[in-house]
Amino acid sequence: MPKNLGIVMDPIENIKVYKDSSFAMLLAAQARGWTLWYMEFKDLLFCSGQAYAFMRPLEVRDDTKNWFTLGKAKSAPVPLTNLSVILMRKDPPFDLEYIVATYLLEQAEAAGTLVVNKPQALRDANEKLYTAWFPECCAPTLVTRQEAALRGFLQEHQDIILKPLDGMGGKSIFRVTKGDVNTSVIFELMTENEQRFIMAQRYIPEITQGDKRILLINGEAVPYGLARIPAEGESRGNLAAGGRAEGVTLSERDKWICAKVGPKLREQGLLFVGIDVIGHYLTEINVTSPTCIRELDNLYGLDIAGQLINLIEEKLTD
């Protein structure tokens, strides 16, 4: 049986090879003899009961100056069922275009192609709000559109973090403390004058020790995490927001959180997930395009993407 792996991702020419987890997966699959096929959202289509794509053959190299070669797409779209597996690795925002793409991939899945992560699970597991299924792991949290509710939450906790529900990389995250003169305008901006749900979480002071990214493969945690430590004057640890990274061994609390979350991820078909932990608290469950594979591999001599591809191969032979 041909080993054809497709990937849906952002433009490959724009990635940072040294830290891109999707690229790590492609390298691992190619090393195991898989033929790679490249797609962006614009390449997907659905016609007469079947999902297709204008997919292009792809070769990758671990070379920061010359990391890929793309062949030409065929003149006609190819059924997605020609692929054994599809990696859905498009970055947020999680908008209607993203949802439509999951529906198209779900058609391929129904016809026998393995999609990682499972399209329905991508729709069900909002990266911020999915933490609500694990309240015992989380700091106090509020999701609302109402400014009055936000004011009450701020009054109770004095120091809070506000997040949009559809972003990534620390974008548009605010820290608000009681008495902040910009409180009203921040609430108005974030909720678009009470027209948009946002998340508020009690500020966790341990952020100074890092926002820890922990990777789980089929619900099992990689034994090390990447603590993303905020830059001076920042409250966000995201590397995209200027944070610096340090490797850490998982604590007993980290392992406990993973033991709570892991079985549910496995049950829902979420084979590759990155959870975020600050101090003792789970803050996010990243299911769309979790990162930090390459950093952890380099720090600890791991092959995380290889573990994932091995798991995929096992699932295809079950």
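Residues numbered from 1 in each chain as written. Predicted model: local features only at pLDDT ≥ 70, side-chain atom pairs only at ≥ 80, totals over all residues. Heavy atoms only, no water.

Q: Break down the sheet that holds strand β3 (residues 44–47) for me, with residues and values.
A: Ordered by their spatial adjacency, three strands build an open sheet running β3-β4-β7, and the pairing between neighbours is antiparallel. In this open sheet, the two strands that pair with only one neighbour each are β3 and β7 (78–79). Pairing geometry for β3 and strand β4 (residues 50–53), over four bridges, is antiparallel. Within β4, the residue paired with Cys-47 across the bridge is Gln-50. (Pairing = 2+ DSSP bridges. Helix = DSSP H or I, 4+ residues; strand = E, 2+ residues; numbered from the N terminus.)

Q: Please give an account of helix α4 (residues 147–157) that cites residues and values.
A: Those residues of α4 not exposed but buried are Glu-147, Leu-150, Phe-153, Leu-154 and His-157. What you see down the axis of α4 is that its buried residues fit within an arc of 120°, all on one side. Opposite the buried face of α4, by more than 90 degrees, sit the exposed residues Ala-148 and Glu-156. In this fold, the buried residues of α4 make contact with β10 (141–144), β11 (159–164), β12 (174–177), α5 (183–191) and β13 (198–202). (Buried < 20%, exposed > 50% of the residue type's maximum accessible area, 1.4 Å probe, protein only. Arc of directions from axis to C-beta. Contact = heavy atoms within 4.5 Å.)

Q: Would you mind going over the packing of α4 against α5 in detail, with residue names and values included?
A: Here α4 crosses α5 at 130°, and the two axes come no closer than 10 Å. When the axis of α4 is compared with that of α5, the two are oblique. By crossing handedness, the relation of α4 to α5 is classed as right-handed. Of the residues in α5, those in contact with Glu-147, Leu-150, Arg-151 and Leu-154 of α4 are Thr-183, Ser-184, Phe-187, Glu-188 and Thr-191. (Axes fitted to C-alpha atoms, helices over the stretch in contact; angles between N-to-C directions. Parallel < 35°, antiparallel > 145°, perpendicular 65-115°, else oblique. Left-handed = near helix turned anticlockwise from the far one by under 90°.)

Q: Talk me through the pattern of salt bridges; I want residue IDs and the actual numbers.
A: Per the counting criterion, the structure on display carries 19 salt bridges. Residues Glu-284 and Lys-128 are paired through a salt bridge, measuring 3.8 Å at the closest nitrogen-oxygen approach. Here Glu-284 is found in strand β19 (residues 281–286), whereas its partner Lys-128 is found in the loop between α3 (119–124) and β10, with 156 residues between them in sequence. Of the two residues, Glu-284 and Lys-128, neither departs from the other in class, the shared state being buried. Between Lys-212 and Asp-254 there is a salt bridge whose closest N-O contact spans 2.6 Å. Here Lys-212 is found in strand β14 (residues 211–217), whereas its partner Asp-254 is found in helix α6 (residues 252–267), with 42 residues between them in sequence. On the accessibility criterion, Lys-212 (15% relative accessible area) is buried. Taken together, the salt bridges that share partners define one network made up of Asp-211, Arg-213, Arg-228 and Asp-276. (Salt bridge = Lys/Arg side-chain N within 4 Å of Asp/Glu carboxyl O.)

Q: Break down the sheet that holds strand β5 (residues 56–60) for me, with residues and values.
A: Taken in spatial order, the six strands line up as β6-β5-β2-β1-β8-β9 in an open sheet, and their pairing is mixed. Sheet topology places β6 (68–70) and β9 (114–116) at the edges, where each strand pairs with a single neighbour. Each adjacent strand pair in this sheet contributes to an overall mean axis angle of 30°, direction not counted. The pairing of strand β8 (residues 85–88) with β9 spans three bridges and is classified as parallel. Within β9, the position partnered with Val-85 by the bridge is Leu-114. Relative to β5, helix α1 (residues 21–31) is tilted by about 90°, and along the sheet it contacts β1 (4–8), β2 (35–39), β5 and β8. Seen against the sheet, helix α8 (residues 304–317) touches β1, β8 and β9 and runs at an angle of roughly 155° to β9.

Q: Describe the environment of Ile-229, and please don't skip the residues or the numbers.
A: Among the structural elements, Ile-229 can be located in strand β16 (residues 224–229). Taking relative accessible area as the criterion, Ile-229 reaches 8% and is therefore assigned buried. Measuring from C-alpha to C-alpha, the distance between Ile-229 and Lys-212 comes to 8.5 Å, with 17 residues separating the pair along the chain.

Q: Go over the side chain of Thr-191 with me, naming the residues and quoting the values.
A: Relative to the elements of secondary structure, Thr-191 occurs in helix α5. When near neighbours in sequence (up to four residues on either side) are disregarded, Thr-191 contacts Arg-145, Glu-147, Leu-150, Arg-196 and Ile-198.

Q: Please provide a residue-by-residue account of the packing of aromatic side chains, values included.
A: How two aromatic rings sit relative to each other is set out by the distance from centre to centre and by the angle between their planes. One pass over the structure, following the stated rule, counts six aromatic pairs. Between the aromatic rings of Tyr-130 and Phe-134, the centroid separation amounts to 5.7 Å while the plane-to-plane angle is 85°, which identifies the pairing as edge-to-face. With a relative accessible area of 3%, Tyr-130 lands in the buried category. An angle of 10° between the planes, with centres 3.8 Å apart, marks the rings of Tyr-224 and Tyr-300 as stacked. One end of the pair, Tyr-224, is in strand β16; the other, Tyr-300, is in helix α7 (residues 293–300), and 76 residues separate them in sequence. What makes Tyr-300 partly exposed here is its relative accessible area of 27%. Members of the aromatic cluster, joined through ring pairs, are Phe-41, Phe-94 and Tyr-98. Seen from the ring of Phe-41, Lys-90 lies directly overhead, with NZ or CZ sitting 5.4 Å from the centre. (Phe/Tyr/Trp six-rings, centres within 6.5 Å; stacked < 30°, edge-to-face > 60°. Lys NZ or Arg CZ within 6 Å of the ring centre and 35° of its normal.)

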